[in-house]
Amino acid sequence: MDNFKNLRGTVDLLPDQLIKWQNVEKLILEQLFRASVKEIRTPILEMTELFMRGIGEGTDVVSKEMYTFLDRGERSCTLRPEGTASVARALIQNGISTKPSQKLWYMGPMFRYERPQAGRQRQFHQLGVEFIGYESVRSDIEIITLAWDILDKLGIKELNLEINTLGDDIDRSNFQKAFLKWLEVNKNSLDLDSQKRIDKNPLRILDTKNVQTKQILEDAPKLFDFLSKKSLERYINIKEKLKLLKIPFIENSSLVRGLDYYTHTAFEITSGLLGSQATVCGGGRYDNLISQMGGTETPAIGFAIGLERLILLSGKDLEKSRDTDIYIVNKGFNAETLAMDLSRKLRNFDLKTELDVSGASFSKQFKKANKIKSKSIIVIGDDEASKREFVIRLFNNEISEDQQETISIEDNIKLEKWLKSNLLLDLKL
RNA sequence: GCGGGCGUCGCCAAGUGGUUAAGGCAGUGGCUUGUGGCGCCGCUAUUCGGGGGUUCGAAUCCCCUCGCUCGCCCCA
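Calculation rules
- Residues numbered from 1 in each chain as written.
- Chains lettered and ligands numbered in written order.
- Predicted model: local features only at pLDDT ≥ 70, side-chain atom pairs only at ≥ 80, totals over all residues.
- Heavy atoms only, no water.
- Helix = DSSP H or I, 4+ residues; strand = E, 2+ residues; numbered from the N terminus.
- Buried < 20%, exposed > 50% of the residue type's maximum accessible area, 1.4 Å probe, protein only.
- Salt bridge = Lys/Arg side-chain N within 4 Å of Asp/Glu carboxyl O.

### Concerning unusual backbone geometry
- The phi torsion at Lys 246 lies on the positive side, around 60 degrees, for a residue other than glycine.
- Along the chain, Lys 246 falls in the loop between α9 (229-244) and β8 (250-251).
- Judged by relative accessible area, Lys 246 falls into the exposed class, the value being 71%.
- Although it is not a glycine, Lys 373 sits at a positive phi angle of roughly 60 degrees.
- Structurally, Lys 373 can be placed in the loop between α13 (362-371) and β14 (376-380).
- The exposed category is assigned to Lys 373, whose relative accessible area is 56%.

Written out as structure tokens, the structure reads:
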């Protein structure tokens, strides 16, 4: 019989890899805490309609990438392809006012049915941050700098921040009218993909990768020319502030992004080190999403970072884990009982300990302790148990019995003193 | 959904039609039942992703299939 395999596009994260994940997540969480961003957790499963309306039916994500199925009650359910729609839903549904504005983050798995490749999986993980109820230029800047600083804190270099503005819905519909008119005339010069988008999602034609279409588009109307004075000023203001803060960015007028809900600011952070899936962070303003979903008019802006890609970019120093401080070698009925007691006692200290529960020979247990590079060992055998004591010893580079010390089971003071002078001191340095 | 590359042990790999499927790493047992690192000696793929075919004979050739991978589209 064949063994079971994971589904295509999903991966097992194994213990050794998770050290890096945990280190990365820890740094992120600290950064978010310091910026007073609060966590929100929403279900991974939502009704399909939420994403169709929230993200937009014309988008690639909704039209061809969702994991959708009928549950036993014949309801159409979808594994979330992104987090923003769920957060918006949760706020509206729970009557959480955005009057005192909300700064929220979430982290977890997302699902998109695509062909896997480097930096792309069907189940992947995102960290998302949403500032809800904020419309100031400063909130745009703070979102961008927050994303930028998280990447920076992780020591990631060679990043590019690209920004653009999409205007508000009026700007956009004005532009769209003109653009559609132009498209009608030039339809036959476009590549097939772009032609298909004319009805479904014309704005997306703007960031086609087709070289020929790109050239032709140079003569097309520009969204930029349809921005209202207010929208334009807003954008200029953002660029100025980024300059003042010395956040390097490049303007990319074809940056549209694949989700319908964006307005005004759109941005992406990419890295050349990622191969063809270069985007590590994408975000933008979505002032209409919440009202479209039945909430009150609420401006908002957010971003999402792809954790797999982030991990790929993060340095080797985050792969290191702390070595075991004490390995407890024990054998014999009475000894094993004492060892368990001692093991529990040791967990009251900020130490990483491991109790050998294999029952293997002493020699095996020593080998194990050595193999995992334990900094020290405790030995309890029948000899020690009968005297109610144990032997503790630093496991240095050289084998020498001189450093060994015998401590009575009850002598907590001596134990603590030994730990402080041999193990705990190192930690503080 | 569409292209290209690839599938031999947990990992890295030799083998390109002749029969005993090298080797290394890891794992495991022992030398060495209570004191580790080194060393030495064992063990670890009836089988080459799966199925079918060609052949006296296939991991090696052919067909199908599955999977992985890179890229396109798009995104995190």
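Further notes follow.
### Brief notes about the pattern of salt bridges
- Scanning all chains against the criterion turns up 22 salt bridges.
- For Glu 46, the salt bridge identified is with Arg 89, shortest N-O distance 2.4 Å. Taken together, the residues span a long stretch of sequence, with Glu 46 in strand β2 (residues 45-47) and Arg 89 in helix α4 (residues 84-93) at a distance of 43 residues. Across the pair, exposure class does not vary: Glu 46 and Arg 89 are buried alike.
- Close ionic contact of Asp 325 with Lys 375 constitutes a salt bridge, the shortest N to O distance being 2.9 Å. With Asp 325 in the loop between α11 (307-313) and β12 (326-330) and Lys 375 in the loop between α13 and β14, this pair connects stretches of sequence that are 50 residues apart.
- Judged by relative accessible area, Asp 325 falls into the buried class, the value being 0%.
- A cluster of three or more residues bridged by salt bridges with shared partners is formed by Asp 140, Arg 234, Arg 285 and Asp 287.

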